[in-house]
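Overview (structure and organization)
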Amino acid sequence: MVRDSAVAIGAVLALLYVFPILTGVVTDPRWDRHLQQIGPMTAGLDIQATTGLSSLPLSPWAGLGVLTAWAAGALVAGGLVLRLRDG
């Protein structure tokens, strides 16, 4: 989606870390849990969990679904940019 590799790396790192940073700032427990459930880093870490599953914001399979949705969204956005800008 971006042509500069440094910008691409920065965008990926920003997407990974923005949700954990926001959960530290938000004081409402409902919003905190919701941000944990939609964040790609939390979803990826929940996939790896084998113990203490009841305390996680997502089950491992739900985490896999969230991570798949992020990957699919990136592929769709990249495909649209490729088709509209470069096509």
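Residues numbered from 1 in each chain as written. Predicted model: local features only at pLDDT ≥ 70, side-chain atom pairs only at ≥ 80, totals over all residues. Heavy atoms only, no water.

On the surface, a cluster of nonpolar side chains totalling about 520 Å² of accessible area is made up of Ile9, Leu13, Tyr17, Ile21 and Val25. With respect to the helices and strands, Ile9 occurs in helix α1 (residues 5–25). For Ile9, a relative accessible area of 55% gives the class exposed. (Patch = residues over 30% accessible without salt bridge, like charges linked within 9 Å, V, L, I, M, F, W, Y side chains within 5 Å. Areas by Shrake-Rupley, 256 points an atom, 1.4 Å probe, with all protein chains shown as cover. Salt bridge = Lys/Arg side-chain N within 4 Å of Asp/Glu carboxyl O. Helix = DSSP H or I, 4+ residues; strand = E, 2+ residues; numbered from the N terminus. Buried < 20%, exposed > 50% of the residue type's maximum accessible area, 1.4 Å probe, protein only.)

For Asp46, the location among the structural elements is in helix α3 (residues 40–47). Lacking a salt bridge, the buried Asp46 has Arg33 as its closest oppositely charged neighbour, with an N-O distance of 7.9 Å. Within the local environment of Asp46, its side chain forms a polar contact with the backbone nitrogen of Leu58, the two atoms lying 3.4 Å apart. Residues within four places of Asp46 in sequence aside, it is in contact with Leu56, Pro57, Leu58, Ser59 and Pro60. (Lys, Arg positive; Asp, Glu negative; His and termini not counted. Polar contact = N/O pair within 3.5 Å; in protein donor to acceptor, adjacent residues only side chain to side chain. Contact = heavy atoms within 4.5 Å.)

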